[in-house]
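# Structure assessment
Chain residues, written in single-letter form:
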Amino acid sequence: MIRTLTCGAALLLALTSCGRSDPGLDQLGPEPDVPAIRETLVPPMRIAKPVGWGDRTPVVPAGFTITALATDLQIPRQMLVLPNGDVLVAEGRGGHAPALRPKDVIAGVIKKQGNTKVAGGDRVTLLRDADGDGRAEVRTVFIDNLDAPYGLAFVDGSIYVANQGALLRFPYQPGQTRITAAGEEVTRLPSAINHHWTKSLTASADGLTLYVGIGSNSNVGERGMAVEEERAVVWAIDRATGARRTVATGIRNPTALSIEPTTSALWAVVNERDEIGPQASPDYLTSVREGAFYGWPYSYWGQHVDPRVRPQKPEMVARAIAPDYALGSHVAALGLSFATNGGFGGTFSQGAFVGEHGSWNRQDLSGYKVVWIPFANGRPANRPVDFVTGFLTEDGQARGRPVGVTFDPTRRLLFVADDLSNTVWRVAPRR
Amino acid sequence: MDREQGADAAGPHPIHAILLGFPIALFTTALITDIAYLRTAEIQWTNFSAWLISGALLFGGLVLAWALIALVIHLRAPNRPRRMLYPGLLAAMWILGLVNAFKHSQDAWSSVGAFGLILSILCTILALAAGAVAFSGFAAREVAR
């Protein structure tokens, strides 16, 4: 019996300590190292304990300043800059996935440790910094009583809000600080269960089409494939009629969409699957190709088969294409914004800002920063550069976690939503 | 003989016997639902297994604690190697059951797979064996009456 006990303890210890990553692997760029699947009985979970910012602010490169545009928000996620410079912030938390297994109960409690204790606002807040001092002197509840709003877009004088279950249109008058009109439903969005509830949104360059990113209803099909109809997809919605078609499939959780300015192509940041090792599989930035299948759930990073999905579908794996650019495993990219109109100039003229919320499924924390990915000719041209950092303390606690990033080309500003400290940060060139 | 010992000639205490019924039934049912999952890939079956194994661990833990306490209290009683068989079976069942619970917390096919099935078979055999040992004394008494 003693021997059994010892063996059991040794086994458990061995199984839990497998979360270490190999620093030799390069998981950034178009051709990342993708290691073999490493499943562990107890998934490595490392939650960065929230500690808040105190007197500190995030760290920006030399030549830039950062200020808190607004604090004490109610879980800020994505943002939109209106033509007059007003910043809209979608606040909320969605999803109504029931716990189906003991694991769902336990993992839920653990992951909650790394998130804000504030309840989601279910609203859009307007922030106005007319004097340009980096602090919003006007702050109003712009649209209230929403249902986990996330994606925002402004097209042809109207404001579009992607709730977790519907795409809504609101009429807007320039300078308005509050909309009381009821939203008009453009299209209903898949919302059953909503394991991944965030509905990302962007408008095509010509403004005729609205793209909506719809995340999968599970990590890798563990709620059954019946609930995955029209999940892990990107929809193109005709703005005038509300008619929709599916542009891309197998794209696990497209958490932010943005139009690349030189080619007008649709790009997305996508969160990949968990529990197959600290470095599998890389989250990615990709152009969303018409008709493309990105593998989920059958395979990842192209045609690396995920054996957890049964029945397996070799014919689907054969169709899967590899994304364009790896961001690293478990970084949880949630924000994407291209620099337009010359960006910040210099090395920050052409490229994309990516907000990385940060990992839970690996022992060595990854993400927890905003990176800049230089582009040339409409494609990523180099390795990512840290742009906003300082979200982690030296001992691995979290001061904040970046979500949406939004570049304002008119005023040359970058806004970063931080859903742990409930702040919107404003990065500006030092003048 | 003392009825508090969990397993001896007089058979287990009634409450102990009721508690022991849970891991026997739940591990056995989990084995059946595991087989159902592996045959159909229908997720609901592995969800059943996960809860059944958790229940088996909860009640199995109480039974194991009872048996271990009884063993310690009667440490100096004769026939120790034979009396260690019952808590030994329960301990092996519980540890493998715990590993099995973690196995069943993995996603989709990995929640069972070959390893999960083997663990469920072993847990079922160990639970049934523990039951057989515990109730053999009880059976003997019934026959003697």
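Please read these numbers as outputs of a predicted model, since none were measured by experiment.

The rules behind these values
Residues numbered from 1 in each chain as written. Chains lettered and ligands numbered in written order. Predicted model: local features only at pLDDT ≥ 70, side-chain atom pairs only at ≥ 80, totals over all residues. Helix = DSSP H or I, 4+ residues; strand = E, 2+ residues; numbered from the N terminus. Buried ≥ 20, exposed ≤ 12 C-beta atoms within 10 Å, placed from the backbone. Contact = placed C-beta atoms within 7 Å. Rg over C-alpha atoms; globule rule 2.2 N^0.38 Å. Axes fitted to C-alpha atoms, helices over the stretch in contact; angles between N-to-C directions. Parallel < 35°, antiparallel > 145°, perpendicular 65-115°, else oblique. Left-handed = near helix turned anticlockwise from the far one by under 90°. Nonpolar A, V, L, I, M, F, W, Y, C, P; charged D, E, K, R; others polar. Pairing = 2+ DSSP bridges. Core = buried A, V, L, I, M, F, W, Y, C linked by C-beta atoms within 7 Å. pLDDT = per-residue confidence, 0-100.

### Overview of the overall build of chain B
Looking only at helices and strands, chain B has 5 helices and 0 strands in total. For chain B, the succession of helices and strands along the chain, N to C, is α-α-α-α-α. Taking all 145 residues of chain B together, the buried fraction comes to 50%. Pairs at least 24 residues apart make up 72% of the contacts formed inside chain B by residues separated by at least 6 positions.

### Points about the overall build of chain A
Across its full length, chain A holds 3 helices and 28 strands. Relative to the globule expectation of 22 Å for 431 residues, the C-alpha radius of gyration of chain A, 21 Å, shows essentially globular dimensions. Taken along the three principal axes of its C-alpha coordinates, chain A extends 75 × 50 × 40 Å. Buried positions account for 49% of the 431 residues belonging to chain A. For chain A, the proportion of contacts with a sequence separation of at least 24, taken over those separated by at least 6, is 61%.

### What about the interface of chain A and chain B?
The interface of chain A with chain B comprises 24 residues on the first partner and 21 residues on the second. Only helix 1 (2–16) and helix 2 (102–112) of chain A provide two or more residues apiece to the side of chain A that touches chain B. The element best represented in the side of chain A that touches chain B is helix 1 of chain A, accounting for 4 residues.

### Here we look at the packing of helix 1 (residues 14–40) of chain B against helix 2 (residues 43–73) of chain B
Packed helices, taken two at a time, are described by their axes: the angle between them and the distance between them. Residue and element names in this part refer to chain B. Relative to each other, helix 1 and helix 2 sit at 155°, their axes nearing to 8 Å. Relative to helix 2, the element helix 1 lies roughly antiparallel. Judged by the twist between their axes, the crossing of helix 1 over helix 2 is left-handed. Along the lines of polarity and charge, the residues of the contact of helix 1 with helix 2 split into 18 nonpolar, 8 polar and 1 charged.

### So, the pairing of strand 17 (residues 282–287) of chain A
All names here are of chain A. Across the 6 residues of strand 17, 5 count as buried, placing the element largely inside the fold. The pairing of strand 16 (residues 266–270) with strand 17 spans 4 bridges and is antiparallel. Pairing of Val-269 across the sheet is with Leu-285, part of strand 17.

### Regarding the sheet that holds strand 6 (residues 138–143) of chain A
Residues and elements named next belong to chain A. As summarised here, the arrangement of the 4 strands in space is 3-4-5-6, forming an open sheet in which the pairing is antiparallel. The open sheet has two edge strands, strand 3 (76–81) and strand 6, and neither has a second partner. Taken over all neighbouring pairs, the strand axes of this sheet differ in orientation by 25° on average, direction set aside. Where strand 3 lies against strand 4 (residues 87–91), 4 bridges are found, and the strand directions are antiparallel. What sits directly across from Leu-80, in strand 4, is Leu-88.

### Focus: the nonpolar core
One finds Val89(A), Val212(A), Ala268(A), Val354(A) and Val424(A) to be the most contacted residues of the largest nonpolar core, which totals 93 residues. Other than its neighbours up to four places away in sequence, Val354(A) contacts Val269(A), Leu285(A), Leu327(A), Ala333(A), Gly335(A), Leu336(A), Val370(A), Val371(A), Ile373(A) and Val405(A).

### Let's talk about the environment of Gly378(A)
All names here are of chain A. With respect to the helices and strands, Gly-378 occurs in the loop between strand 23 (369–376) and strand 24 (379–380). For the pair Gly-378 and Glu-394, spaced 16 residues apart in sequence, the C-alpha separation works out to 36 Å. The residues contacting Gly-378, other than those within four sequence positions of it, are Glu-260, Thr-262, Thr-263 and Ala-265.

### Remarks on the pairing of strand 16 of chain A
Residues and elements named next belong to chain A. Counting buried residues along strand 16, 5 of its 5 residues qualify, which places the element largely inside the surrounding structure. Residues Leu-266, Ala-268 and Val-270 of strand 16 are buried on one face, and the alternating residues Trp-267 and Val-269, pointing to the opposite face, are buried as well. The pairing of strand 15 (residues 254–259) with strand 16 spans 5 bridges and is classified as antiparallel. In the sheet register, Ala-256 faces strand 16, and the bridge partner there is Val-269.

### Considering unusual backbone geometry
Residues and elements named next belong to chain A. With an omega of -5°, the peptide bond running from Ala-280 to Ser-281 counts as cis. Within the secondary structure, Ser-281 is located in the loop between strand 16 and strand 17. Note that the residue after Arg-310, namely Pro-311, is joined by a cis bond; omega there is -5°. Relative to the assigned elements, Pro-311 resides in the loop between strand 19 (304–305) and helix 3 (314–319).

### Description of the confidence of the model for chain B
Residue and element names in this part refer to chain B. On average, chain B scores 89 in pLDDT, and the residues at 70 or more come to 88%. Under a pLDDT of 50 for its full length, residues 1–8 has, in the predicted model, 23 contacts with residues more than four places off or in other chains. Throughout residues 138–145 the model reports pLDDT below 50, and contacts reaching past four residues in sequence, or to other chains, amount to 6 contacts. Prediction confidence for the complex, expressed as pTM and ipTM, is 0.92 and 0.88 respectively.

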